[in-house]
Amino acid sequence: MRLKLLMFIAILMIFVHISFVNGAENSAIAFISIDKTLYAPKENIEINIFNADEIQGKKTVEVISVDVGNVVYRENINSTLSEISIEAPSNSGEYILKVYLDSEEYSKKFTVEGNSELFVLTGEILTNNFNNIAGIELKWNFDSDNKYTIIRSENGAESEIFENITSNSFIDVSIESNKVYEYTVFGESGESNKVIIDVSQFKNSEYIENNNKNCISLRVGDPYMNHNGKEKKIDESGSIFPVIINGMALLPIRTVVETMGGSVGWNETEKLVSLKAWNNTVEIPVGKNEIKVNGSSARFDVPASIINSRIFIPVRHLESLGCEVDWIGETKRIIIKY
C-alpha cells in the first residue's frame, strides 16, 4: 500500500512539473496590442509586440483596408523591437493591422475617421490562363476629366512614373514576379491611398525579356479600348467591339495596330489584310486558315471573317507582329502588350 502511495505521489509531482513548464512556455507566447482603435488620418499608431524577442525569424507589419481590400502599408521591422510606431492611413475607413512573426500572424482592427472626401485607389493582379502575370490593374474614383500621375515604388524607392493619364484606370504591364510594388495616384485634387501589390507567387510572362511597357486593353462587347490610361473608341461609329467566334476573340484591327504605330493594308481583289509593324508583315486572307508571317506560312483554327461589312481578325494574329496578347477569361478581357 505504501509503495502504491509513493508511486501516486511521484506521478502527481511529474504532472505538476509538466503543467508548470507548459504554463511558463505559454506565458512567453507572443501577442500584440495597439494604443487605441480609433485614429485620425496620419495619426501615429503605437504598437506593442509582447515576447517578440522569442521570435527569431522575419517580422513584418501590414495594414489592410477592409473597404479597398488591398494592403496599403507594409514594413519589415527590426527583430529586436517590441514597440513600434506607424502612421495611420490618410483615408477614413476600417482597417486590419497584421503583424507577422516568423510563421505566426497576429491582427487587430482599427478605424480611421476625419476626412470626408476620399480618393480611393484599388489594385488587382491580372493573370492569364497559365497563371502568368498579365499586369496590375489600378482603379480609382475621381472625375475622369482630371489628369493623373501614378508613381510606382519598389522597396520604398521610386521606380516608375506614369503621367498624363485621363481615365480612371491603368494597367501596369512592366511587372516581374518576386517583387512587391507600391502605387500612389496623384490628381489635381489630391493624393490617393497607397496600394501594395505582392506578385511573388506568380510566374513571369514568357515575353518578359521583350520589356513591353505599353498596353491596350479591350473587353468583349465594349466599343472602347484603354491605351496606357487613355480611353478611345475602337471605331468612330461606336458600334465596333471584340466578339468571340469558336472560342477566339476577333476584332476589326486597324485602330489597334495604328495606335501601336503600325499600319493596315487591304487588297480588295485578293480579300487580303496586311499588318505591318516593327519590321514584321502579317498577311491574313479572309475566310482562310492559312496566313503568312514575313513570307512563311502559319495556320490558325479560326479565319478572318466579314461581319456586317467589317473585317474581323483574330486578335492573336498580333503576336505574329511581336506583341504579347493575354486573355483574361474571367472578365473577357484582352490585354495587348507591346
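Residues numbered from 1 in each chain as written. Predicted model: local features only at pLDDT ≥ 70, side-chain atom pairs only at ≥ 80, totals over all residues. Heavy atoms only, no water.

Draft legend 1. Looking closely at the pairing of strand E3 (residues 44-50). With burial as the criterion, only one face of E3 is covered, namely that bearing Ile45, Ile47 and Ile49; the residues Asn44, Glu46, Asn48 and Phe50 on the opposite face remain uncovered. In this structure, strand E1 (residues 31-34) lies alongside E3, joined through 4 bridges in antiparallel fashion. Bridge assignment links Phe31 to a residue of E3, and that residue is Phe50. As paired strands, E3 and strand E6 (residues 83-87) are joined by 5 bridges and run antiparallel to one another. In the strand pairing of E6, Glu46 is matched with Ser85. (Buried < 20%, exposed > 50% of the residue type's maximum accessible area, 1.4 Å probe, protein only. Helix = DSSP H or I, 4+ residues; strand = E, 2+ residues; numbered from the N terminus. Pairing = 2+ DSSP bridges.)

Draft legend 2. Structural detail: the nonpolar core. In this structure, Leu218, Val256, Leu275, Leu318 and Ile336 are the most contacted members of the largest nonpolar core, which totals 35 residues. Those residues within four positions of Leu318 in sequence are excluded, and the remaining contacts are Ile253, Val256, Val257, Met260, Leu275, Cys323, Val325 and Ile336. (Core = buried A, V, L, I, M, F, W, Y, C linked by side-chain atoms within 4.5 Å. Contact = heavy atoms within 4.5 Å.)

Draft legend 3. Layout of the packing of aromatic side chains. If you walk through the whole model with that rule in mind, you get 7 aromatic pairs. Here the aromatic rings of Phe119 and Tyr148 are separated by 6.2 Å at their centres, their planes lie at 50°, and the arrangement is tilted. With Phe119 in the loop between strand E8 (104-112) and strand E9 (121-127) and Tyr148 in strand E11 (residues 148-154), the pair connects residues that are 29 residues apart, well separated along the chain. Using a relative accessible area of 3% as the deciding quantity, one classes Phe119 as buried. Take Tyr148: its relative accessible area is 1%, and that puts it in the buried class. Between Phe162 and Phe170, the ring centres sit 4.8 Å apart and the planes meet at 45°, which makes this aromatic pair tilted. (Phe/Tyr/Trp six-rings, centres within 6.5 Å; stacked < 30°, edge-to-face > 60°.)

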